[in-house]
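Read off the chains here:
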Amino acid sequence: MKTDFRFASELVRIVNGALRLDVDKVRNYTAFLAQKLEAAGEKPVADRLRKALEENDHQLRPNEARFARALPVDSESRFPLVEHIKVRTMHEPPVQLTPAQWDVVHEFISVAKSYGSMDSAELSGALSFLMYGPPGTGKSRLARHIAGELGLDLYVARLDGLISSYLGSTSKNIRALFDFAAKTPCVLFLDEFDAIAKIRSDSQELGELKRVVNSFLQNLDTLGRQSIVLAATNHESLLDAAVWRRFTYRLALELPTADQRRQMWADFLTPVEFNDRDLGVLVDLSEGFTGSDIRETSARLRRRQTATGAVPVLKDAFPILLNMATGAEGSRFASSLGGKDHGAMVHALRERDERLYSMAVVADLLGVSKATVFRLSKKEGEDHGD
């Protein structure tokens, strides 16, 4: 008879909590196990677990705290230290990664599903995953995807928000955050992780604050294997070796390739549709854009359609693309077009790719006739010839 290990991880965590007399952990993971059992078709067993929780809950905690999963809060302001993201109720287009990137993500998810029940001296501490790269490249979306695949809620902690003006409060915040993660079935997502590394390496900072940062790393080390920790940074160069060592899985997220941008446009524009020719133009004009930029541009086009009732076309998308490229870091072709008159735009587009930017396409982008584009191209050619 084949042994069913599907719920071994939750059972191990419940027993671990019971042996440590950690009532919150026992209760949280029992409720989570009931949820997984029901999803697997074992509703009678799930109902029995819930009934046991209901009958004994008054013994486990005060009445006013029943069934509440209190978020950790700042010891001074009382603001929550984490944001609860219910990823199971979210509907997002799929994350766009290369096959090599998906290999890393799939390996992490596969290991995470059984990590808590693995028995090996080499497996100690939380299972950790670090994502790094430019802003807007999908780190938060990937964190939501991972949590969704694991069937866990996501709790997002911005590390810059943990740093209090009172050093003692910062230490309490850090302890509260990791205590919460240790007893809650969740994925803990440490956003803006470079805030820790930046403070650690700043020679201007007080020695006491540096000790607080070291305390954070020690707390991360002491998390049990029942915990899953994701982190994201836009400034990986600020992370020192001590920080990198805490993360056994690492993934660089770069600006999307042309193929990825094409799929992003198709995903984010829905229900707005562009034909293959126009989609190719959007892909080229969005070179250097992040996935977040493409998503926002698509949202503006969808809102435009809702407001006007007219289906967006290239001449509607073009000024939005130029606007989104304004002030952006890095090299973007669309940025070079900003502020140019129609004649200069015609010349730049035709010089970039005459086949892609045919007279008809340029006319559609500028909202003018092909005859006008032809006249402008001739005039620009003569001007450049002089």
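See the structure above.
Residues numbered from 1 in each chain as written. Predicted model: local features only at pLDDT ≥ 70, side-chain atom pairs only at ≥ 80, totals over all residues. Heavy atoms only, no water.

Here we come to the overall build of the chain. A tally of regular secondary structure across the chain gives 18 helices and six strands. Partitioning the intrachain contacts of the chain with sequence separation of at least 6 by distance along the chain shows that 72% fall at a separation of at least 24. In the structure as shown, the chain presents an accessible area of about 20000 Å², 51% of it carried by carbon and sulfur atoms. (Helix = DSSP H or I, 4+ residues; strand = E, 2+ residues; numbered from the N terminus. Contact = heavy atoms within 4.5 Å. Areas by Shrake-Rupley, 256 points an atom, 1.4 Å probe, with all protein chains shown as cover.)

Throughout the structure, instances matching the rule amount to five aromatic pairs. For the pair tyrosine 132 and tryptophan 244, a centre-to-centre distance of 5.3 Å together with 85° between the ring planes defines the contact as edge-to-face. Of this pair, tyrosine 132 sits in strand E2 (residues 127-132) while tryptophan 244 sits in helix H10 (residues 241-244); the two residues are 112 residues apart in sequence, bridging distant segments of the chain. One exposure class covers both tyrosine 132 and tryptophan 244, and it is buried. Taking 5.3 Å as the distance between ring centres and 85° as the angle between the ring planes, the aromatic pair formed by phenylalanine 193 and phenylalanine 247 counts as edge-to-face. Placement of the pair is phenylalanine 193 in the loop between strand E4 (186-191) and helix H8 (194-201) and phenylalanine 247 in the loop between H10 and strand E6 (249-252), with a sequence separation of 54 residues. In terms of burial, phenylalanine 193 and phenylalanine 247 fall into one category: buried. Put simply, the rings of Phe108, Phe129 and Tyr249 touch in pairs and so form one group of aromatic residues. (Phe/Tyr/Trp six-rings, centres within 6.5 Å; stacked < 30°, edge-to-face > 60°. Buried < 20%, exposed > 50% of the residue type's maximum accessible area, 1.4 Å probe, protein only.)

Moving on: the sheet that holds E6. Overall, mixed pairing links the six strands, which are arranged E1-E3-E4-E5-E2-E6 in an open sheet. Each having just a single partner strand, strand E1 (83-85) and E6 make up the two edges of the open sheet. Neighbouring strand axes in the sheet, compared pairwise and without regard to direction, differ in orientation by 20° on average. Summarising the sheet, E2 and E6 pair through four bridges and their orientation is parallel. Each residue of the ladder has a partner; that of leucine 130, found in E6, is arginine 250. Contacts from helix H4 (residues 99-112) reach E2, strand E5 (228-233) and E6 within the one sheet, and its direction differs from that of E6 by about 150°. Packed on one face of the sheet, helix H5 (residues 139-150) meets E1, E2, strand E3 (153-158), E4, E5 and E6 and runs near 170° to E4. (Pairing = 2+ DSSP bridges. Axes fitted to C-alpha atoms, helices over the stretch in contact; angles between N-to-C directions.)

With respect to burial, E3 is a largely interior element, five of its six residues being buried. In this sheet, E3 lies alongside E1 in antiparallel orientation, the contact comprising three bridges. Opposite isoleucine 85, over in E3, you have leucine 154 as the bridge partner. Note: E3 against E4, six bridges, orientation parallel. Within the sheet, the bridge partner assigned to valine 156 lies in E4 and is phenylalanine 189.

Looking now at the packing of helix H13 (residues 291-308) against helix H14 (residues 314-325). The geometry of H13 relative to H14 is characterised by a closest axis approach of 10 Å and an angle of 140° between their N-to-C directions. When the axes of H13 and H14 are compared, the pair comes out oblique. Every pair of crossing elements has a handedness; the one defined by H13 and H14 is right-handed. Side by side, H13 and H14 meet where Asp293, Glu296, Thr297, Arg300, Leu301 and Arg304 of the first sit next to Asp316, Ala317, Ile320, Leu321, Asn323 and Met324 of the second. Per-class residue counts for the contact of H13 with H14 are five nonpolar, two polar and five charged. (Parallel < 35°, antiparallel > 145°, perpendicular 65-115°, else oblique. Left-handed = near helix turned anticlockwise from the far one by under 90°. Nonpolar A, V, L, I, M, F, W, Y, C, P; charged D, E, K, R; others polar.)

Time to look at the nonpolar core. With 37 residues, the main nonpolar core has Leu282, Leu285, Tyr357 and Leu365 as its most contacted residues. Of all the secondary structure elements, the ones that give two or more residues to this core are helix H11 (258-269), helix H12 (276-285), H13, H14, helix H15 (333-337), helix H16 (342-352), helix H17 (359-366) and helix H18 (370-385). Broken down by element, the residue count for this core peaks at eight residues, all from H14. For tyrosine 357, the residues in contact, after removing those within four places along its chain, are Val281, Asp284, Leu285, Phe333, Leu349, Arg350, Arg352, Val362 and Leu365. Within the second largest apolar cluster, 36 residues are counted, among which are Leu33, Val87, Met131 and Val156. (Core = buried A, V, L, I, M, F, W, Y, C linked by side-chain atoms within 4.5 Å.)

Interpretation note: all reported values are geometric properties and have no functional meaning in isolation.
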